[in-house]
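# Structural characterization, general
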Amino acid sequence: MSAHLRDDDRPLPAWTTRCVSCHAGTPTAAAFAPPLTHDSLLAATQRRGGPISHYDATAFCRAVREGVDPAGVLLRKSMPRYRIADAQCMALWRYVVHQ
Ligand code: HEC
């Protein structure tokens, strides 16, 4: 699954793009990236100062591909953008919401 950073067309090396490298699953403010779990993604809450929102499969795949959250707020540049097929993204969504 290839990925790149915003404003940079070069593909990232594969060893940098595994979700778990950054999303450690610990819900602490100190974590580099937010947890990817059922509770954190489905909760209706404010993210990044935007309006209250929650993820569904479509919003999740948009975040992974385009770096925009369900409220339309741009994610930090440190979240890569992935090239991922619909079926693969749906499988990833089902996997993370079972965490
Ligand atoms: C290089 C580090 C890095 C990698 C690898 C990475 N992410 Fe992220 N991701 C981040 C950061 C940092 C944020 C927080 C961005 C922000 O708050 O603006 C984020 C945010 C997200 C969000 C939004 C979460 C929320 O609570 O709004 C989703 C969804 C997400 N990442 C999914 C993924 C998936 C799926 C993968 C693997 C396919 C992945 N990320 C790989 C760094 C990473």
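Refer to the preceding data block for the structure.
Attention here is on the structure that accompanies the text. (Residues numbered from 1 in each chain as written. Predicted model: local features only at pLDDT ≥ 70, side-chain atom pairs only at ≥ 80, totals over all residues. Heavy atoms only, no water.)

### A few points about the layout of surface pockets
Taken as a whole, the largest pocket holds about 860 Å³ of empty space. As for the largest pocket, its lining consists of 34 residues, and the residues nearest its centre are H23, A33, P34, R48 and L75. Secondary structure elements with two or more residues in the lining of the largest pocket: α1 (19–22), α2 (38–42), β2 (45–46) and α3 (57–66). Of all the elements, α3 adds the most residues to the lining of the largest pocket, at three residues. Residue composition of the lining of the largest pocket, grouped by class: 22 nonpolar, eight polar and four charged. Space inside the second largest pocket adds up to approximately 250 Å³. Lining of the second largest pocket is provided by twelve residues; of these, C19, V20, H23, L36 and Y95 occupy positions nearest its centre. Contributing elements (two or more residues each) for the lining of the second largest pocket: α1 and α4 (86–96). In terms of residue count, the dominant contributor to the lining of the second largest pocket is α4 (three residues). Taken together, the residues of the lining of the second largest pocket sort by class into seven nonpolar, four polar and one charged. (1 Å grid on protein atoms, 1.4 Å probe; cavity = no way out; pocket = protein on both sides within 12 Å on 5 of 7 lines; lining within 4 Å. Points joined across faces, edges and corners; volume = space filled by probe spheres on them. Helix = DSSP H or I, 4+ residues; strand = E, 2+ residues; numbered from the N terminus. Nonpolar A, V, L, I, M, F, W, Y, C, P; charged D, E, K, R; others polar.)

Purely geometric stuff here, so don't read any function into it on its own.
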